[in-house]
Amino acid sequence: MAIYQYFLSVFPLAGIEKIHETIPATMPAYELQSFEGAGYWQDARLTPDDIRSAMDGLLKRTDWMGSETSFYWNSGMDRPDHDASMLLDESSHSIEEFIFRADVREAKLEFLCSMIELGKLHQWVFMDRKGRLMHPNFEEIILSIQDSRAHRFCSDPETFIRDILKEEDTGE
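Below is a summary of the structure that appears in this document. (Residues numbered from 1 in each chain as written. Predicted model: local features only at pLDDT ≥ 70, side-chain atom pairs only at ≥ 80, totals over all residues. Heavy atoms only, no water.)

Within the protein, the regular secondary structure consists of seven helices and seven strands. For the protein, the N- to C-terminal ordering of α and β elements is β-α-α-α-β-β-β-β-α-β-β-α-α-α. Out of the 172 residues in the protein, the part that is buried amounts to 44%. Residue pairs at least 24 apart in sequence account for 54% of intrachain contacts in the protein once pairs closer than 6 positions are excluded. Carbon and sulfur atoms provide 50% of the accessible area of the protein, an area that totals close to 9,700 Å². (Helix = DSSP H or I, 4+ residues; strand = E, 2+ residues; numbered from the N terminus. Buried < 20%, exposed > 50% of the residue type's maximum accessible area, 1.4 Å probe, protein only. Contact = heavy atoms within 4.5 Å. Areas by Shrake-Rupley, 256 points an atom, 1.4 Å probe, with all protein chains shown as cover.)

Considering the arrangement of structural elements, one finds serine 70 in strand β3 (residues 70–74). Residue class for serine 70 comes out buried when judged on its relative accessible area of 16%. Setting aside chain neighbours within four positions, we find serine 70 in contact with Met86 and Leu87.

Glancing now at the environment of histidine 122. Structurally, the position occupied by histidine 122 is in helix α4 (residues 110–122). Considered as a pair, histidine 122 and proline 12 are 110 residues apart in the sequence and their alpha carbons are 7.7 Å apart.

A word on the packing of aromatic side chains. Enumeration over the complete set of coordinates arrives at five aromatic pairs. Ring geometry for phenylalanine 11 and tyrosine 40: centres 5.2 Å apart, planes at 75°, overall edge-to-face. Here phenylalanine 11 is found in strand β1 (residues 5–12), whereas its partner tyrosine 40 is found in the loop between α2 (30–33) and α3 (48–56), with 29 residues between them in sequence. Judged on exposure class, the residue phenylalanine 11 and its partner tyrosine 40 are both buried. Note on tryptophan 124 and phenylalanine 126: the rings are 6.4 Å apart at their centroids and 80° apart in plane angle, and the pair reads as edge-to-face. The burial state of tryptophan 124 is the same as that of phenylalanine 126; both residues are buried. Clustering of aromatic rings is evident, with ring pairs tying together Phe98, Phe100, Phe111, Trp124 and Phe126. Directly above the aromatic system of phenylalanine 7 lies the positively charged group of arginine 129, at a separation of 3.9 Å from the ring centroid. (Phe/Tyr/Trp six-rings, centres within 6.5 Å; stacked < 30°, edge-to-face > 60°. Lys NZ or Arg CZ within 6 Å of the ring centre and 35° of its normal.)

Here the focus is unusual backbone geometry. The phi torsion at leucine 109 lies on the positive side, around 50°, for a residue other than glycine. Of note, leucine 109 is situated in the loop between β5 (95–103) and α4. Leucine 109 sits in the buried class, given a relative accessible area of 13%. The phi angle at glutamine 123 is positive, at roughly 55°, despite the residue not being glycine.

Within the largest apolar cluster, 40 residues are counted, with the highest numbers of intra-cluster contacts made by Trp41, Met55, Phe98, Phe100 and Trp124. Broken down by element, this core gets its largest block of residues, five residues, from α4. (Core = buried A, V, L, I, M, F, W, Y, C linked by side-chain atoms within 4.5 Å.)

A separate point is the pattern of salt bridges. Side-chain pairs of opposite charge can arise where the charged atoms are in close proximity. Following the criterion strictly, the structure yields nine salt bridges and no others. The closest approach of N and O atoms between arginine 61 and aspartate 56, which form a salt bridge, is 2.5 Å. Put simply, aspartate 147 and arginine 132 hold a salt bridge, and the shortest N to O gap is 3.0 Å. In this pair, aspartate 147 sits in the loop between α5 (138–146) and α6 (149–155) while arginine 132 sits in the loop between β6 (124–127) and β7 (133–134), placing the two residues 15 residues apart along the sequence. (Salt bridge = Lys/Arg side-chain N within 4 Å of Asp/Glu carboxyl O.)

This is the structure in C-alpha cells:
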C-alpha cells in the first residue's frame, strides 16, 4: 500500500445492524486483519456480480491471481493510484472481504466520491484502519482522512518522515 492511499473496508449496513443491532462507532482491529468480517456479508442482497460490475465501471480489473474467488482492480500506472479487491468464500462464493484504497493526492477525490455514491446506492458502511465505522457520507469520511497517515504524509511529507524516524529511535 502506498502511503498516499487511504484504506477503507466495505460492509453492508444490513449485516452490521443484524450482528450489532445498531451501528457501533468502532469495531475491533481484528475485523480488518481476518475474515471474521465475512459474517456481515452473509445476508447481503448485493451479490459479487453486482460489485464486480460496479467496480469494472470505475477501475480496470486485473487478473493477478487467476482465481475465481479473488478479484482486483486498479487505476493502472497513471496517477491517481486507486485499487480495490474482493475476496469470496471458496465453497459458497459469497463475499468475505471487500476493500479499496483511494489516492488522497487526487484533486477532487473523484474515485472516493464514486465509492461513496456506490455506498449510498447499495447501503454500505465503511471502516477505516482505526476501526471507525462511517456512513457513505463525504463529510464523515473526510474527518477520517484528515486523521490518516495518508493525509499527514501528503500534507507535510518531511515532518511525517521525521516523526516516523523519531518513533523508531524512541521505540514508540
